[in-house]
Amino acid sequence: MVFLLDYFQHKHDCKFKQAERNQRIQDLTSYHGAFTASERQVLSKPVEELVQDVHKQVVQPIDILRAYGKAALKAHTNTNSVTEVMISAAEGWTSDGSINFKGPLAGIPVSLKDSIVVGGFDTTVGYSSNVGNKGEKDGTMVRILKDAGAIPYVKTNLPITLLSFESTNDVWGRCMNPHNNKYSPGGSTGGESALLAAGGGRIGIGSDVAGSVRVPAHFSGIYSLRCSTGRWPKNGMVTSMPGQEGIPSVFSPMTRTLEDLSYFTKSMISMKPWKYDHSVHPIPWREDTAKEFTEKKKLRVGVLRTDGVVDPSPACARAVEEVVAVLKKEGHEVIDVNPPSPYEALYLGSQLLNADGCKTFKSFFRTGEWEDSGAKQMSWLMSLPSPFKYLYYLWVKYVRRDDIWAGLIGDWKEKSAYEQWKLVAKREAYKARWHDWWEQEAKVDVLVTPPNATPAVPHDGMHDAVSSCGYTFLFNLLDYTCGIMPITHVDKARDQLPPNFSLKKLNGVAQGAYKHYDATAMHGLPVAVQIVGQRLEEEKVLAVMTRIEKALGDDKYQLLEID
């Protein structure tokens with residue numbers, strides 16, 4: 001009986017939240033219909049220019065909110081990207097003194113991943129058990145944004161568990177890629193990437209524990225920056241894995257353009273976030289570093305062409321090669337690199353992230369609640385009785401002769417504190433090896449890598465591709481700064497697999513990734529590259545990204561037009 005009541009409460013709460021969202025959208029009568037000429041003018045301007053207009057009182061914050069509120073609702077219609085609709089409340093914030101319109105983000109609407117706490121609104125994180133958990137006060141991130149002049153206006157969709165490159169849950173439904181509704185916009189910050197790619201905003205904030213702001217940017221065709229821990233606030237959030245610090249999650253920016261990404265990052269750091277959040281390092285924006293790598297005549301760039309686990313698909317390899325070509329044309333030194341084993345990072349990261357035996361994210365589920373197909377694969381294998389798991393391991397290792405997959409599942413179990421500490425020690429030793437390699441052997445300014453082995457996965461594709469996250473997860477373990485910039489689109493003529501390609505010859509991780517690679521079906525989907533610096537090198541990474549985009553010239557990525 002208890003389970004039955006729990007199930008009915010789950011269904012009731014999901015229905016309630018979706019009805020509440022629909023009603024809020026319907027009530028915004030002035031936010032429907034075609035854009036006016038003045039709204040289109042607002043939507044076309046970079047963030048820095050809009051801020052200047054607000055400071056000069058050329059445009060009013062309420063007018064910017066109305067333009068982007070309307071754009072967000074249009075984007076949501078096609079993507080199901082929005083969760084909490086805060087536009088009515090935001091109208092009040094523009095006039096009641098809640099927001100400082102003299103700040104560096106004056107009047108700029110900012111969308112937020114659903115896990116970020118806004119006073120007066122739920123923070124469900126896709127779990128129905130969190131329905132009704134609204135707090136009275138804004139979380140730390142939102143307090144900083146309002147003090148900077150920004151206007152939080154919508155929250156966005158994500159996957160239940162937050163451990164997927166898809167964004168689906170029972171509370172809000174499935175989020176879709178604006179380029180092709182049969183594909184995922186990414187995860188776990190997929191609602192943000194879908195909204196921004198479709199033109200429903202210019203700036204959003206997400207979180208990243210294994211690629212969760214980077215893979216959505218790659219899947220959807222926007223820009224993102226995975227900041228190192230300590231550079232951005234982390235308090236005032238709700239998560240699926242509270243207490244998980246083996247691979248710390250970081251909150252980071254996502255934007256529609258690179259120009260906005262640089263301006264937004266600099267503006268947030270100018271707010272001295274360490275005065276709001278004890279976890280932030282007191283490191284101001286380093287203009288000298290940005291200038292150095294903007295002007296440095298000859299960059300030394302390393303190219304990581306494969307992580308040795310899943311070779312990049314033709315589309316993703318082509319994007320890397322296009323960037324390599326323009327860097328060489330500009331006279332920079334470009335070298336292929338062979339760093340300490342990325343597979344070792346995938347092993348350590350997966351064991352650390354799930355050291356609790358997947359218990360924590362499972363603890364929030366209600367009876368009958370849908371579980372992300374990728375996360376379900378992890379938790380199912382974790383719960384398999386030891387004798388059966390060992391037999392499966394033996395079969396993979398000695399019958400299939402797949403050392404890669406066997407190595408990942410061999411120790412796939414809940415860890416004791418003793419085992420966890422040993423993993424942390426191995427993590428730190430691995431990070432030291434990478435540091436020595438970068439400084440003494442590679443001696444590069446940045447790395448260029450694929451962000452993922454493939455472009456966007458089709459819906460429910462993470463059932464197979466759940467372990468294919470090495471190109472991003474590696475740098476979470478290292479805590480390096482990484483930027484994502486879209487480069488091209490999948491081309492059905494240029495990006496087909498070779499005629500002799502065989503799934504059977506691949507390891508288990510690669511099989512899961514390539515099971516869904518189809519250049520014809522994926523035609524038109526975005527493809528990005530990842531630019532990597534060392535820890536706390538946000539200024540350098542943004543400067544190099546800007547140089548690459550300028551070098552691309554007319555060949556740079558074209559954004560989706562706003563309808």
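Sequence positions are assigned chain by chain, starting from 1 and proceeding in written order. The predicted origin of the model limits local features to residues at a pLDDT of at least 70 and limits the giving and counting of side-chain atom pairs to 80 or more, whereas totals for whole chains, interfaces and linings rest on all residues. Only hydrogens and water are removed before side-chain values are computed, so all heavy atoms of the structure are retained for them.

### Looking at the overall build of the protein
Right, on to step 1. Here a helix means four or more residues in a row that DSSP labels H or I, a strand means two or more in a row labelled E, and each is numbered from the N terminus. Scanning the protein from terminus to terminus reveals 21 helices and 13 strands.
Right, on to step 2. When we talk radius of gyration, it's over C-alpha atoms, and the globule rule is simply 2.2 Å times the number of residues to the 0.38. The C-alpha atoms of the protein give a radius of gyration of 23 Å, which matches the 24 Å a tight globule of 563 residues would have.
Right, on to step 3. Counting only C-alpha atoms and orienting by the principal axes, one finds that the protein spans roughly 70 × 70 × 50 Å.
Right, on to step 4. Only protein chains enter the calculation, and the probe is 1.4 Å; a residue is then buried if its accessible area is under 20% of its type maximum, exposed if over 50%, and partly exposed in between. Taking all 563 residues of the protein together, 60% fall into the buried category.

### Let's talk about the packing of helix 10 (residues 287-295) against helix 21 (residues 538-552)
Right, on to step 1. In this analysis an axis means a line fitted to C-alpha atoms, helices contributing only their contacting stretch, and an angle means the value between N-to-C directions, from 0 to 180 degrees. Relative orientation of the contacting elements helix 10 and helix 21 amounts to 30°, with a least axis distance of 8 Å. The orientation of helix 10 relative to helix 21 falls into the category roughly parallel. Classified by chirality, the crossing of helix 21 by helix 10 is right-handed. Counting all contacts with helix 10, which are made through Thr289, Ala290, Phe293, Thr294 and Glu295, the residues of helix 21 involved are Glu539, Lys540, Ala543 and Arg547.
Right, on to step 2. Each residue gets one label: Ala, Val, Leu, Ile, Met, Phe, Trp, Tyr, Cys and Pro are nonpolar, Asp, Glu, Lys and Arg are charged, and the others, such as Gly, are polar. Class assignment of the residues belonging to the contact of helix 10 with helix 21 gives a composition of 3 nonpolar, 2 polar and 4 charged. Any angle from 65 to 115 degrees is called roughly perpendicular, while one under 35 is roughly parallel, one over 145 is roughly antiparallel, and all others are oblique. By the definition used in this description, the sense in which the near helix is turned from the far one sets the handedness, with an anticlockwise turn below a right angle giving left-handed and a clockwise turn giving right-handed. Any two residues whose heavy atoms approach within 4.5 Å at even a single point are treated as in contact.

### Structural notes on the sheet that holds strand 6 (residues 203-208)
Right, on to step 1. If you walk across this open sheet you meet the 11 strands as 1-3-2-6-8-7-12-13-11-9-10, and the pairing is mixed. If you trace the sheet from one side to the other, it starts and ends with strand 1 (82-85) and strand 10 (333-336), each paired once. Strand-to-strand, the axes of this sheet are offset by a mean angle of 30°, without reference to chain direction.
Right, on to step 2. With 6 bridges connecting them, strand 6 and strand 8 (residues 250-255) associate as antiparallel partners. Within the sheet, the bridge partner assigned to isoleucine 205 lies in strand 8 and is proline 253.
Right, on to step 3. Helix 21 contacts strand 7 (223-226), strand 11 (446-449), strand 12 (482-489) and strand 13 (526-532) of the sheet and is inclined by roughly 15° relative to strand 12. Note: two strands are recorded as paired if DSSP finds a minimum of 2 bridges between them.

### Description of the UniProt feature "active site" (unreviewed entry) in the protein
Right, on to step 1. UniProt positions are given in the numbering used here, feature names are shortened, and annotations may be inferred rather than shown by experiment. Mapped onto this structure's residue numbering, the UniProt feature "active site" (unreviewed entry) falls at Lys113, Ser188 and Ser212. Annotated residues spanning 100 residues; largest pairwise C-alpha distance 10.8 Å, indicating a single compact cluster.
Right, on to step 2. Take serine 188: it is sitting in the loop between strand 5 (173-174) and helix 7 (190-197).
Right, on to step 3. Mapped onto the elements, serine 212 comes out in the loop between strand 6 and helix 8 (214-220).
Right, on to step 4. Serine 212 gets classed as buried once you look at its relative accessible area, which sits at 4%.

### Observations regarding the nonpolar core
Right, on to step 1. The term nonpolar core refers to a set of buried residues drawn from Ala, Val, Leu, Ile, Met, Phe, Trp, Tyr and Cys, joined through side-chain atoms within 4.5 Å. In this structure, Leu145, Ile205, Trp434 and Ile531 are the most contacted members of the largest nonpolar core, which totals 164 residues.
Right, on to step 2. Considering each element in turn, this core owes the most residues, 9 residues, to helix 4 (residues 61-79).
Right, on to step 3. Within the second largest apolar cluster, 8 residues are counted, among which are Ala217, Ile222, Ile484 and Ala528.

### Notes on helix 17 (residues 417-442)
Right, on to step 1. Under the 1.5 Å per step criterion, the end-to-end length of helix 17 is 36 Å for 26 residues, consistent within 8% with the ideal 38 Å.
Right, on to step 2. Where helix 17 is concerned, the buried positions are Leu423, Arg427, Tyr430, Trp434, Trp437, Trp438 and Ala442.
Right, on to step 3. Packing partners of the buried residues in helix 17 comprise strand 9 (300-303), strand 10, helix 12 (342-353), strand 11, helix 19 (470-478) and strand 13.
Right, on to step 4. Of the residues flanking the end of helix 17, it is lysine 443, one or two places downstream, whose phi is positive at about 50°. The span expected for a helix works out to 1.5 Å for each residue beyond the first.

### Structural notes on a nonpolar patch on the surface
Right, on to step 1. Patch building starts from residues that exceed 30% relative accessible area and form no salt bridge, then joins like charges within 9 Å and nonpolar side chains (Val, Leu, Ile, Met, Phe, Trp, Tyr) within 5 Å. Computed with the Shrake-Rupley method and a 1.4 Å probe, the accessible areas treat only the protein chains shown as cover for residues. Think of a salt bridge as a Lys or Arg side-chain nitrogen and an Asp or Glu carboxyl oxygen that are within 4 Å of each other. Among the surface-exposed residues, Met1, Leu4, Leu5, Tyr7 and Phe8 lie close enough to one another that they form a single nonpolar patch of about 570 Å² accessible area.
Right, on to step 2. In this structure, leucine 5 sits in helix 1 (residues 2-27).

### A short note on the environment of glycine 119
Right, on to step 1. Topologically, glycine 119 is positioned in the loop between strand 2 (109-113) and helix 6 (140-148).
Right, on to step 2. On the basis of relative accessible area, glycine 119 is assigned to the buried category, the value being 14%.
Right, on to step 3. Along the primary structure glycine 119 and leucine 5 are separated by 114 residues, whereas in three dimensions their C-alpha atoms are 30 Å apart.

### Some words on the packing of aromatic side chains
Right, on to step 1. Centres within 6.5 Å are what make two rings of Phe, Tyr or Trp a pair, Trp counting through its six-membered ring; a difference in plane orientation under 30 degrees is then read as stacked, over 60 as edge-to-face, and the rest as tilted. For the structure on display, the rule yields 15 aromatic pairs.
Right, on to step 2. Centroid distance tryptophan 434 to tyrosine 480: 6.0 Å. Interplanar angle 75°. Geometry classified as edge-to-face. Of this pair, tryptophan 434 sits in helix 17 while tyrosine 480 sits in the loop between helix 19 and strand 12; the two residues are 46 residues apart in sequence, bridging distant segments of the chain.
Right, on to step 3. Given the relative accessible area of 5%, tyrosine 480 is considered buried.
Right, on to step 4. Ring pairing ties together the aromatic residues Trp434, Trp437, Trp438, Phe475 and Tyr480, which thus form one cluster.
Right, on to step 5. Between lysine 74 and the ring centre of phenylalanine 35, over which it is positioned, the NZ or CZ distance is 5.2 Å.
Right, on to step 6. By the criterion adopted, a ring carries a charge over it if an Arg CZ or a Lys NZ lies within 6 Å of its centre and within 35 degrees of its normal. The positively charged end of lysine 146 is found above the aromatic ring belonging to tryptophan 93, 3.7 Å away from the centroid.

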